Each structure stands twice: as C-alpha cells, then as structure tokens.
Amino acid sequence: QVQLVESGGGLVQPGGSLRLSCAASGSIAMINAMGWYRQAPGNQRELVARISLDGRTNYADSVKGRFTISRDNGKNTVYLQMNSLKPEDTAVYYCNVDVILLFTATQNTYWGQGSQVTVTS
C-alpha cells in the first residue's frame, strides 16, 4: 500500500551534520503529520521531531536548536537536518508518516526501515 524509503544516515564526528530523508510512495491520497523517532540500544523509541500538514513543528527538548524537520508535500518527503551532533544522538532513526489512503480514505501510520546514525570521534 505505502512504502517509506529512508536515506542519509551514517557515521559522523561530534559537532558534525547529517541530513535524513524519508520518501513515501504508494496508494497515497494525502499525508497528514510526518515525523522522526529514534531508538538507542536499551532505550525505548522516542520522538525526535514532528511536522503537521500545515508546517507546525515540535521537537524533543534534547534536539531543539540543533535539528530541523521539514517536508516537501509535492514529493511526499520529510527531512531531518541534524547539526551539532553529539554522541548521545547515536541511534536508529525512523520516519513516521500518517497517510490518508486512496480509495478507502482511511488513515494509517507507517514506519520507515530505520537509518543508523552514529556520532563518534
């Protein structure tokens, strides 16, 4: 029905930057909220940032001022620009998208496959 493809993870030194992308495709009528979550080993998955259809954003306190979430509605894509990365940002990052499906008009939530972000010197 809907596929999410993430890209952009990797290894970076403290203070560095990475940009994650997540593109949605399939039976999409409309996308409501889009977001990014992360999960470090031994920890629960946590919200990093979220953006509504009209562009309102919210961020975890730990990333405010360093990370920026944005979306391109024409491309059904959400981005996460991560600056001033810290070792504690190391985690698998997952995109999360609320999709209104074609034909059924029901809303389902989908997750990306996960992207490893490792911040180390």
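None of these values were measured; they are calculated from a predicted model. (Residues numbered from 1 in each chain as written. Predicted model: local features only at pLDDT ≥ 70, side-chain atom pairs only at ≥ 80, totals over all residues. Heavy atoms only, no water.)

A. Structural detail: the environment of Ala91. Tracing the chain through its elements places Ala91 in strand E9 (residues 91-101). We classify Ala91 as buried; its relative accessible area is 2%. Considered as a pair, Ala91 and Arg19 are 72 residues apart in the sequence and their alpha carbons are 14 Å apart. In this structure, Ala91 is in contact with Arg38, Gln39, Ala40, Ser115, Gln116 and Val117, ignoring residues within four places of it in sequence. (Helix = DSSP H or I, 4+ residues; strand = E, 2+ residues; numbered from the N terminus. Buried < 20%, exposed > 50% of the residue type's maximum accessible area, 1.4 Å probe, protein only. Contact = heavy atoms within 4.5 Å.)

B. Seen up close, the packing of aromatic side chains. All told, the structure shown has 1 aromatic pair when counted by the stated rule. The interplanar angle of 65° and the centroid separation of 5.1 Å between the aromatic rings of Tyr37 and Trp111 together place this pair among those described as edge-to-face. Taken together, the positions of Tyr37 in strand E4 (residues 28-39) and Trp111 in strand E10 (residues 107-111) put the pair 74 residues apart, joining distant regions of the chain. What makes Tyr37 buried here is its relative accessible area of 18%. Lying across the ring of Tyr79, Arg19 places its NZ or CZ 4.1 Å from the centre. Above the face of the Tyr94 ring, Arg45 is positioned so that its terminal group lies 3.7 Å from the ring centre. (Phe/Tyr/Trp six-rings, centres within 6.5 Å; stacked < 30°, edge-to-face > 60°. Lys NZ or Arg CZ within 6 Å of the ring centre and 35° of its normal.)

C. Focus on the sheet that holds strand E7 (residues 67-72). Strand order in the open sheet formed by 4 strands is E1-E3-E8-E7, and the pairing between neighbours is antiparallel. One side of each edge strand has no neighbouring strand; the edge strands of this open sheet are strand E1 (2-7) and E7. Neighbour-to-neighbour, the strand axes of this sheet turn through a mean angle of 15°, independent of strand direction. Looking at chain direction, strand E3 (residues 18-26) and strand E8 (residues 77-82) are connected through 6 bridges and run antiparallel. Paired with Ala23 across the bridge in E8 is Thr77. (Pairing = 2+ DSSP bridges. Axes fitted to C-alpha atoms, helices over the stretch in contact; angles between N-to-C directions.)

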